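Fold and contact review
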Amino acid sequence: MRAMVLKKIGAPLEWTELADPMPGPGEIRVKVAACGVCRTDLHVVDGELPDLKLPIIPGHEIVGRIDAIGPGVKGLSVGQRVGVPWLGHTCGACDYCVGGHENLCDRPLFTGYTRNGGYATATIADARFTFPLGEEGGDVALAPLLCAGLIGWRSLTIAGDGQRLGLYGFGAAAHIVAQVARWQGRTVFAFTRPGDVTTQTFARSLGAAWAGGSDEMPPEPLDAAIIFATVGDLVPIALTAVCRGGRVVCAGIHMSDIPSFPYRLLWEERQLVSVANLTRQDGINFLKIAPQVGIVTETTSYPLDQANQALADLRAGRFEGAAVLVP
Ligand SMILES: [Zn+2]
Ligand SMILES: [Zn+2]
């Protein structure tokens, strides 16, 4: 197999030839057809996440077909199309796992971070943490659903039922969440980098009732806001934009420091929460409604060996929607 491997923090990924891995007990080998590029991958290559073990193959929005099955795997077959998400493994025994919060497991493995991911021609996955995808939809179009979609869905659920929803940072996740929220009958307000007219137009094309810079206040107070951008300065701004009892959800795995802010921004039962990872149930729920919503993902494809370019373009905001690597 071949892969784009992170060997040193901050260095470009290296195109590397590796021995074909064999699936162990409970595992499958997936021939990768497409792998989305997520903002979290930038945090991995930049060394912003703790306990990174090198070398590692990034990538956790994997669509592919099973081409080998390890002992003890039930219900999956060779040739079947599956998705491999961020949550790669949990212990199944800690209080969080037993209590239905496996996203907070004491001993998890994360695809493309603490176990090898999908910037490769093949990957090994724990079969229980993969999702059968069926045959509807193209591989590239589906890839962003595996993280941007799933984490976006969990964030939207945790944001509550509020009618007026603000989305700060209109990238891969928000462009999917906007479509789901519109389908649910909500009103979407999109916030981009100030002056990013292209992305604001893109947000309106996906049904946003209003789009503007993150330095602007929405035309009416929000019931909830989800912050997808990795910018801590947005927290007090979003708290200012939500109404009494409103909720602000931080959806990213990493964020710059949050500046201090007056207590009155939190007063009146405003809530500030974060979202971490996903549960398998999130995946099942989201992948069930995705076809009903008719989600259309905006993607830019790159050959697998151009992963460094895809990461650079994501960092610079050079495309709308999501980048997807194709081996
Ligand atoms: Zn656990
Ligand atoms: Zn991700």
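For every chain, the first residue of its written sequence is number 1, and the numbers climb from 1 along that sequence. A letter from A marks each chain and a number from 1 marks each ligand, given out in the order of writing. Residues qualify for local features only when their pLDDT is at least 70, as the model is predicted, and side-chain atom pairs are given and counted only at 80 or more; totals for whole chains, interfaces and linings, by contrast, use all residues. Hydrogens and waters are ignored; side-chain quantities use all the structure's heavy atoms.

In this section: the overall build of the protein. Looking only at helices and strands, the protein features nine helices and 17 strands. Expected size for 327 residues packed as a compact globule is a radius of gyration near 20 Å; at 19 Å, the protein falls within 12% of this value. Each of the 327 residues in the protein was classed as buried or not, and the buried ones make up 53%. Restricting the contact set of the protein to residue pairs at least 6 apart, pairs at least 24 apart contribute 68%. Put simply, the protein shows about 14000 Å² of open surface, and 53% of that area lies on carbon and sulfur atoms. Distance between charge centres in the protein, computed from 27 positive and 32 negative side chains, equals 2 Å. Strands are runs of DSSP state E lasting at least 2 residues, helices are runs of H or I lasting at least 4, and numbering of each runs from the N terminus. As a reference, a globule follows 2.2 Å times the number of residues to the power 0.38, and the radius of gyration itself is taken over C-alpha atoms. A 1.4 Å probe rolled over the protein chains alone gives each residue an accessible area, and that area as a share of the maximum for its type sets the label: buried under 20%, exposed over 50%, partly exposed in between. We call two residues in contact whenever any of their non-hydrogen atoms come within 4.5 Å of each other. Note on areas: Shrake-Rupley, 1.4 Å probe, and residue coverage restricted to the protein chains presented here. Charged-residue counts in this description rest on Lys and Arg as positive and Asp and Glu as negative, His and the chain ends being excluded. Charge placement uses NZ in Lys and CZ in Arg. For Asp and Glu, CG and CD serve respectively.

A few words on the coordination of the zinc ion (ligand 2). Distances define the donors: N, O and S atoms within 2.8 Å of the metal qualify, as do those within 3.2 Å of Na, K or Ca. Water is excluded, so some sites may look unfinished. For the zinc ion (ligand 2), every protein donor is listed as Cys38 (SG), His60 (NE2) and Cys147 (SG), and the spread of their distances is 2.0 to 2.2 Å. Spacing between the donor residues of the zinc ion (ligand 2) along their common chain follows C-x21-H-x86-C. With Cys38 in the loop between strand E3 (27–37) and helix H1 (39–45) and His60 in the loop between H1 and strand E4 (62–69), this pair connects stretches of sequence that are 22 residues apart. Looking at Cys38, the relative accessible area reads 12%, which means it is buried. Residue His60 is classed as buried on the basis of its relative accessible area of 1%.

Attention shifts here to the state of the cysteines. In plain terms, two cysteine sulfur atoms within 2.5 Å form what is called a disulfide here. According to the stated counting rule, one finds zero disulfides in the structure shown. Not part of a disulfide, Cys243 finds its nearest cysteine sulfur in Cys250, a span of 17 Å.

The next subject is the nonpolar core. For this analysis, a nonpolar core means a set of buried residues of the types Ala, Val, Leu, Ile, Met, Phe, Trp, Tyr and Cys, connected via side-chain atoms within 4.5 Å. Core analysis: the biggest nonpolar cluster contains 91 residues, and Ile28, Tyr119, Leu165, Leu167, Phe170, Ile226 and Phe286 have the highest contact counts within it. When residues in this core are grouped by element, the largest group, eight residues, is from helix H5 (residues 172–183). With 16 residues, the next largest nonpolar core counts Phe189, Val235, Ala238 and Cys250 among its residues.

This paragraph deals with helix H6 (residues 197–205). Those residues of H6 that fall on the buried side of the exposure criterion are Thr199, Gln200, Phe202 and Ala203. Around the axis of H6, the buried residues are gathered within 160° of arc, so they sit on the same side. In this structure, H6 carries Val197, Thr198 and Ser205 as exposed residues pointing more than 90 degrees from its buried face. Summarising the contacts, the buried residues of H6 are in contact with H5, strand E11 (187–192) and strand E12 (210–213). The first or second residue beyond H6 is Gly207, which carries a positive phi of 105°. It is the directions from the helix axis to the C-beta atoms that the arc portrays.

Moving on: the sheet that holds E11. Strand pairing in a sheet is mediated by backbone hydrogen bonds. Such pairs are either parallel or antiparallel. What the six strands build is an open sheet, ordered E12-E11-E10-E13-E14-E15; its pairing is parallel. Either end of the sheet is taken by a strand with one partner, and the two such strands are E12 and strand E15 (271–274). If you compare each strand with its neighbour and ignore which way they point, the axes differ by 20° on average. Where E11 lies against E12, four bridges are found, and the strand directions are parallel. Residue pairing in the sheet places Ala190 in a bridge with Ala211 of E12. Packing of H6 onto the sheet brings it into contact with E11 and E12, and relative to E12 it is tilted by some 160°. Strands were regarded as paired on the criterion that DSSP finds at least two bridges between them. With axes taken as lines fitted to C-alpha atoms, and helix axes fitted only over the stretch in contact, angles between N-to-C directions fall between 0 and 180 degrees.

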